[in-house]
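Survey of secondary and tertiary structure
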Amino acid sequence: MKIAALLLALILISCNANKTIQNPVQIDDIATPIASKPKTAKNIIFLIGDGMGIGQITAGTYSNGNTSHLERFPVIGLHKPYSGNELITDSAAAATSFACGFKTYNGAIGVDLDTLPIETILEEAEMKGLKTGLVATSTIVHATPASYIAHNKSRKNYEEIATDFLKTEIDFFIGGGKKFFDRREDERDLVAELEAKGYTMGNYLTDLSEFRSANSSATKIGYLTSDADPLPAAQGRDYLTDAAMYGIDFLDNSADNGFFIMIEGSQIDWGGHANNSDYIVTEFLDFNETIGRVLDWAEKDGETLVVVTADHETGGYTIQPGSTQDTLVTAFTTTKHSGDFINVFSYGPGSERFGGIFNNTDIYYKMREAYGWEKKRMVLE
Ligand SMILES: [Zn+2]
């Protein structure tokens, strides 16, 4: 009893102590609360520049008259890109980290270290009644877009990954890789199967703007921009911005509960692998144009969180001594990916969560929080 009385007394004292500390601060009288509640977002637009490290951003910015749309973002953070089995990640493990909040092995598409499927943020958005979309300048079954929609032990199983599009209710997708849908070893015609499921399907034989105006009443859209890999921007590929804005308008028009779209500038990475500075810069500038248009849209909308990041850096790409802003001397340390931390740029409601240094998996959790979804933590992380 004595101990209980003593404890009660201690509790009362500590309660009073708290009161004396709290009382002098009149929270209501302060114009700007010290810790205002983070806002929630109706929509999230997630832009991934594959292989876009700080060297790529720097070279792209100087090559663009010392400016880029990334300078318009008020919150900047860094993520740690390592995968579940290697310090140097690949695009599949990295995209799965963003999509599922889980560090997995290199090559994994939406599966954990034991190859078990994990629900992606896109699939969860569908379940919650949001509209969903994917846009890429690689094939749509390539590692980054695939990790939002498919579950496969290997990123190389393109034909299997394509069949996973039929297992979802994704509302909008644009990217390359038509042959994985309609020229398959199993002779299935996934384009016809998607059409039977309610999709309006198109491809590069019809100009994207013509396709868009001819199908203004479509409820689900799939458009395949090439048979295999889309061309580099320098060889005439120019659909990223149009496809991104088509997707955003399409999803927003039918999204009472908001939408989630992932838009990838896929080939900055391919420039890095090729150790080709011009390839990197032209792909960065193409992606930069898309970022600008997306930001313009989000500024008007006011309910949309925009996050831009990369999965990893590619090439160990740096600006060398002897460079000027107009004449860059660049060098590479590898034809593979490097392990550098990666910038995260964010704008809009919920963006304040994306400052600081955090894991790539945290981007998944921060996005869920930004939507105001209930907490969810993987036990095995
Ligand atoms: Zn790569």
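Cut-offs applied
- Residue positions are counted from 1 within each chain, in the order its sequence is given.
- In keeping with the predicted nature of the model, local features appear solely for residues at pLDDT of at least 70, side-chain atom pairs appear and are counted solely at 80 or more, and the whole-chain, interface and lining totals rest on all residues.
- Whenever a helix is involved, its axis is fitted only over the stretch in contact; in every case the axis is a line through C-alpha atoms, and angles between N-to-C directions fall within 0 to 180 degrees.
- Numbering of helices and strands runs from the N terminus, with a helix taken as a DSSP run of H or I at least four residues long and a strand as a DSSP run of E at least two residues long.
- Roughly parallel means an angle under 35 degrees; roughly antiparallel means over 145; roughly perpendicular covers 65 to 115; every other angle is labelled oblique.
- Whether a crossing is left-handed or right-handed is set by the direction in which the near helix is turned from the far one by less than a right angle, anticlockwise for left-handed and clockwise for right-handed.
- We call two residues in contact when their backbone-placed C-beta atoms lie within 7 Å.
- The residue classification treats Ala, Val, Leu, Ile, Met, Phe, Trp, Tyr, Cys and Pro as nonpolar and Asp, Glu, Lys and Arg as charged. All others, Gly included, are polar.
- The burial criterion counts other C-beta atoms lying within 10 Å of a residue's C-beta, which is placed from the backbone; the residue is buried at 20 or more, exposed at 12 or fewer, and partly exposed between these limits.
- We call two strands paired when DSSP finds no fewer than two bridges between them.

A few points about the packing of helix α3 (residues 91-100) against helix α13 (residues 360-371)
Between α3 and α13, the shortest axis-to-axis distance is 6 Å and the interhelical angle comes to 25 degrees. One finds that α3 runs roughly parallel with respect to α13. Where α3 crosses over α13, the two elements pack in a sense that is right-handed. Packed against α3, whose contacting residues are Ala94, Ser97, Phe98, Ala99 and Cys100, the element α13 presents Asn360, Thr361, Ile363 and Tyr364 at the interface. Split by residue class, the contact of α3 with α13 holds six nonpolar, three polar and no charged.

Quick notes on the environment of Asp90
The topology assignment puts Asp90 in the loop between β2 (75-80) and α3. According to the C-beta neighbour criterion, Asp90 is buried, with 20 such atoms within 10 Å. Each C-alpha atom, one on Asp90 and one on Glu313, is 9.8 Å from the other, the two residues being 223 residues apart in sequence.

A look at the sheet that holds strand β8 (residues 304-309)
The mixed open sheet is built from ten strands, whose spatial order is β5-β6-β4-β3-β7-β1-β8-β13-β2-β14. Strands with a single pairing partner mark the edges of an open sheet, and in this sheet they are β5 (200-203) and β14 (356-359). The sheet shows a mean angle of 15 degrees between the axes of neighbouring strands, taken without regard to direction. Pairing of β8 with strand β13 (residues 342-347), which is carried by four bridges, proceeds in the antiparallel orientation. Its bridge partner lying in β13, Thr309 is registered against Val344. Its contacts with the sheet place helix α12 (residues 277-301) against β1 (43-49), β7 (259-265), β8 and β13, and it is angled at close to 165 degrees to β8. Packed onto the sheet, α13 meets β1, β2, β8, β13 and β14 and runs at close to 105 degrees relative to β14.

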